[in-house]
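Each chain, written out:
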Amino acid sequence: MRRSIIALSITLGVAFSAPMHAEGWQSDVIGVTQSQLSPSYWLAKGASAKMIMTEAQIAAFNEKLIKDNKYIVDPLSFQKSLTKDELTRAIHSASSIPKKPALFYRRTATHRERFCKISG
């Protein structure tokens, strides 16, 4: 339930921050159309216009969620840009070079040496 609320909040936030009728509009989210960015689209599908949470309740919910859940990070707390070294450190702190061969799209394997050469 919590993940659904977060995903919906993020989706709606992104959707409503984008221009509604931008020329050459496109989405990098599979299956999202421009019409889905309008409240009238969802109301026509039977969604309720009833307010579920006030703006203050949403803010309180988000604050508590960020405080109580170690997997949720306030996106506004991030720096606007990172140096190459800062970004590299962040990536390496969150991931590591695989210890086993990795399988790719065509079922071809890559080994540690190849991975190191690619990511080097």
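Now for a look at the structure at hand. Just so you know, these numbers come straight off a predicted model, no measurement behind them. (Residues numbered from 1 in each chain as written. Predicted model: local features only at pLDDT ≥ 70, side-chain atom pairs only at ≥ 80, totals over all residues. Heavy atoms only, no water.)

## Concerning the pattern of salt bridges
Turning to step 1, where the next piece is worked out: Following the criterion strictly, the structure yields two salt bridges and no others.
Turning to step 2, where the next piece is worked out: Here Lys-64 makes a salt bridge to Asp-68, at a shortest N to O gap of 2.5 Å. Of the two residues, Lys-64 and Asp-68 both sit in helix α3 (residues 55-68), four residues apart, roughly one turn of that helix.
Turning to step 3, where the next piece is worked out: Classification of Lys-64 as exposed rests on a relative accessible area of 52%.
Turning to step 4, where the next piece is worked out: A salt bridge links Asp-68 to Lys-67; its shortest N-O distance comes to 3.9 Å.
Turning to step 5, where the next piece is worked out: Salt bridges linked by common partners bring Lys-64, Lys-67 and Asp-68 together as one network. (Salt bridge = Lys/Arg side-chain N within 4 Å of Asp/Glu carboxyl O. Helix = DSSP H or I, 4+ residues; strand = E, 2+ residues; numbered from the N terminus. Buried < 20%, exposed > 50% of the residue type's maximum accessible area, 1.4 Å probe, protein only.)

## Focus on the environment of Pro-39
Turning to step 1, where the next piece is worked out: On the secondary structure map, Pro-39 appears in helix α2 (residues 39-44).
Turning to step 2, where the next piece is worked out: Note on Pro-39: relative accessible area 43%, which makes it partly exposed.
Turning to step 3, where the next piece is worked out: Taking the C-alpha atoms as reference, Pro-39 lies 8.9 Å from Ala-49; in sequence the two are 10 residues apart.

## Points about the environment of Gln-36
Turning to step 1, where the next piece is worked out: Looking at where Gln-36 falls in the secondary structure, it is placed in the loop between α1 (2-17) and α2.
Turning to step 2, where the next piece is worked out: Residues contacting Gln-36, with those up to four places away along its chain left out, are Gly-31, Tyr-41 and Trp-42.
Turning to step 3, where the next piece is worked out: Engagement of the side chain of Gln-36 in a polar contact is seen with the backbone nitrogen of Thr-33, the distance being 2.7 Å. (Contact = heavy atoms within 4.5 Å. Polar contact = N/O pair within 3.5 Å; in protein donor to acceptor, adjacent residues only side chain to side chain.)

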